[in-house]
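A look at the structure
Listed below, chain by chain, are the residues.
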Amino acid sequence: MKTAGIIAEYNPFHKGHEYQIRYTKEKLKADYVIVAMSGDYVQRGTPALISKHARAEMALRCGADLVLEMPVSVSTASAEAFAMGGVSLLDGLGVVDMLCFGSESGEISALKELAEILVEEPEEYKKLLKSFLSEGLTFPAARSQALTEYFKNPRNFSGDDFDGVLTPLLNEVTQILNTPNNILGIEYCKALLRLNSQIRPVTIRREGMGYHETTVPEGDSASSSPDLQSSTDFFASATAIRSLIQNPGDGHSEASSDINNPVRNPDTKTANILSSQIPPDAFYVFKKALDSGEFLTENSLDSILSYCLMKENVESLSSYMDVSEDLARRIINQQNLLLSFSQSVSVLKTRELTQTRIQRALLLGFRRESSELLSQIKQHSQIPLITKLADAQNLLDSEGNQILSETVFSSNLYEKLLCLKTGRKFCHESQKQLIIL
């Protein structure tokens, strides 16, 4: 049995994601694909566009065999902690052979070389990094410069390595470290090294439009095809799809799609563009969520954020992960000018994990035909596989229960916002059913 892992947000699931799953099964010959997915909140600290259960169902309908939820403290963390959390979860299952992820580079050797340097931190590299930081460069810029200078020096490598592998890499360092999927790919490789994991990293070149591209191409150029070699130039980014929904073609503004003014039943043109970017097997789930108003935007938490900031001070804000004292002071001084999340700084209200491993695997859904995979996980997993929240208390230690409690609370908040928006009855996290196809 050959099993591949994918770490994803699927915010929302689109044809580029379907391509990755199909590539993993058809080209990499994986029998099963396990997805470690963000829950109801994503890395920017914002609510996911549609619920985790809907996104899990979309993935399952398009070839994923099992979807597991990452804790909210991982899903909303920095790239390094996000990668470590996802890799730890997959590694702890004891059945994953390879980790497949997209990157702009498409070359795993370059990403692994950079990851090794960043994990080992040779003395020469540390000196260079410290020097560039002292010049006032930001950490990403200083790291890029330090790595570039490190690779320029043949004394840091054996002759064969420098001439055959590292000389070409020298020309790519800056480009690699300035592109989001490459950066995340390096973090995945770093996490695998630090965990001494047997999982093999595999990358595929990210196809379609750029990660931050906000325009959705029109037409059917991205239509599904059984041939993986067909053109993928018109895959839209998840950012572009979210932008289209928040600013639909019928003239609605982003403000009109907030919690108090839900936009439903997108106009025909918008619906047609969306259908060209969402796989047919998943589009029904996606359109049902839009038509019923079951979606949130990044500004849906604005009023709650404003209220929470009023209760904070510099000292309390500084206790949050990734919030420095300087940043905390700026937030407090300017809090009355912060009108919405998208126009303000991004504050991740998440507690830093005290351990690098994940405390549990919370199952969101699976395919019936993949029941053998579940059996293998139960035999080999080092972490409990939770299918019912009621069972969690007896399966987890105190820290694991605390992390789970934070995730349940955040999901119930997401659910409450949807209920206030649509008027439907509230459904507690413990009452939600597994997605089984």
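Residues numbered from 1 in each chain as written. Predicted model: local features only at pLDDT ≥ 70, side-chain atom pairs only at ≥ 80, totals over all residues. Heavy atoms only, no water.

1. Observations regarding unusual backbone geometry
To keep things clear, this is the line we draw: Secondary structure elements are taken from DSSP: a helix is a run of H or I of four residues or more, a strand is a run of E of two residues or more, and numbering for both begins at the N terminus. Burial here depends on accessible area, computed with a 1.4 Å probe over protein chains only, as a share of the maximum for the residue type. Under 20% is buried, over 50% is exposed, and the range in between is partly exposed.
That bond from Asn-11 to Pro-12 is cis: its omega, 0 degrees, falls within 30 degrees of zero. Relative to the helices and strands, Pro-12 is located in the loop between β1 (3–8) and α1 (15–26). At Lys-29, a residue that is not glycine, the phi angle is positive and equals roughly 60 degrees. Along the polypeptide, Lys-29 turns up in the loop between α1 and β2 (32–37). Look at Lys-29 and you get exposed, because its relative accessible area is 56%.

2. Description of a positive patch on the surface
The condition is simple: What makes a patch is a set of residues exposed beyond 30% relative accessible area and free of salt bridges, joined within 9 Å when like-charged and within 5 Å when nonpolar (Val, Leu, Ile, Met, Phe, Trp, Tyr). Method for areas: the Shrake-Rupley scheme with a 1.4 Å probe, in which residue coverage is limited to the protein chains shown. For salt bridges, the criterion is a side-chain nitrogen of Lys or Arg within 4 Å of an Asp or Glu carboxyl oxygen. We treat Lys and Arg as the positive residues and Asp and Glu as the negative residues; His and chain ends play no part in the count. We put the charge of a Lys on NZ, of an Arg on CZ, of an Asp on CG and of a Glu on CD.
Taken together, the side chains of Lys-2, Lys-27, Lys-29, Lys-112 and Arg-200 make up a positively charged region of the molecular surface. In this structure, Lys-27 sits in the loop between α1 and β2.

3. Some thoughts on the packing of helix α5 (residues 108–120) against helix α10 (residues 180–194)
Quick note on the threshold: Each axis is a line fitted through C-alpha atoms, taken for helices only over the stretch in contact, and angles between the N-to-C directions span 0 to 180 degrees. Each angle is binned into one of four classes, with values under 35 degrees roughly parallel, values over 145 roughly antiparallel, values of 65 to 115 roughly perpendicular, and all other values oblique. Throughout, a crossing is termed right-handed when the near helix is turned clockwise from the far one, and left-handed when it is turned anticlockwise from it by less than a right angle. Pairs of residues are marked as contacts when any of their non-hydrogen atoms sit within 4.5 Å. Residues are grouped as follows: Ala, Val, Leu, Ile, Met, Phe, Trp, Tyr, Cys and Pro are nonpolar; Asp, Glu, Lys and Arg are charged; every other residue, Gly included, is polar.
Contact geometry of α5 with α10 gives a least axis separation of 8 Å together with a crossing angle of 60 degrees. Considered as vectors, α5 and α10 are oriented oblique to each other. For the pair α5 and α10, the crossing hand works out as right-handed. Residues Ile-108, Leu-111, Lys-112, Leu-114, Ala-115, Glu-116, Leu-118 and Val-119 of α5 form the contact with α10, whose own contacting residues are Asn-182, Ile-186, Cys-189, Lys-190, Leu-193 and Arg-194. Its residues assigned to classes, the contact of α5 with α10 shows nine nonpolar, one polar and four charged.

4. Brief notes about the packing of helix α11 (residues 238–246) against helix α12 (residues 268–277)
Look at α11 against α12: their axes get within 11 Å of each other, and the N-to-C directions meet at 165 degrees. As summarised for this structure, α11 and α12 are arranged roughly antiparallel, according to the angle between their axes. For the crossing formed where α11 meets α12, the hand is left-handed. Each of Ile-241, Leu-244 and Ile-245 in α11 lies in contact with α12, whose residues at this interface are Thr-270, Ile-273, Leu-274 and Gln-277. A per-class count over the contact of α11 with α12 returns five nonpolar, two polar and no charged.

5. What to know about the environment of Tyr-41
How we decide: We call two N or O atoms a polar contact when they sit within 3.5 Å, provided that within protein one can donate a hydrogen and the other can accept it, with sequence-adjacent residues counted only if both atoms are side-chain atoms.
Locating Tyr-41 in the fold gives a position in the loop between β2 and α2 (52–61). Apart from the residues lying within four places of it in its own chain, the contact partners of Tyr-41 are Thr-46, Pro-47, Ala-48, Val-72, Ser-75, Thr-76, Leu-301, Ser-410, Ser-411, Leu-413 and Tyr-414. At 2.8 Å, the side chain of Tyr-41 forms a polar contact with the backbone oxygen of Ser-410.

6. Things to note about the side chain of Ser-75
Within the secondary structure layout, Ser-75 lies in helix α3 (residues 72–75). With near-sequence residues (within four places) excluded, Ser-75 lies in contact with Glu-9, Ser-38, Gly-39, Tyr-41, Val-42, Gln-43, Met-70 and Phe-82.

7. Remarks on the pattern of salt bridges
Counted by the stated rule, this structure contains 19 salt bridges. Residue Arg-61 is joined to Glu-57 by a salt bridge in which the shortest nitrogen-to-oxygen separation is 2.9 Å. Separated by four residues within a single helix, Arg-61 and Glu-57 lie in helix α2, roughly one turn from each other. Using a relative accessible area of 17% as the deciding quantity, one classes Glu-57 as buried. The salt bridge partner of Arg-329 is Glu-325, with a shortest N-O separation of 2.8 Å. One end of the pair is Arg-329 and the other is Glu-325, both in helix α16 (residues 325–334) and four residues apart, which spans about a single turn. Exposure remark for Arg-329: the relative accessible area of 34% places this residue in the partly exposed category. On the basis of relative accessible area, Glu-325 is assigned to the partly exposed category, the value being 47%.

Note that all results are geometric; they support no functional claim without further evidence.
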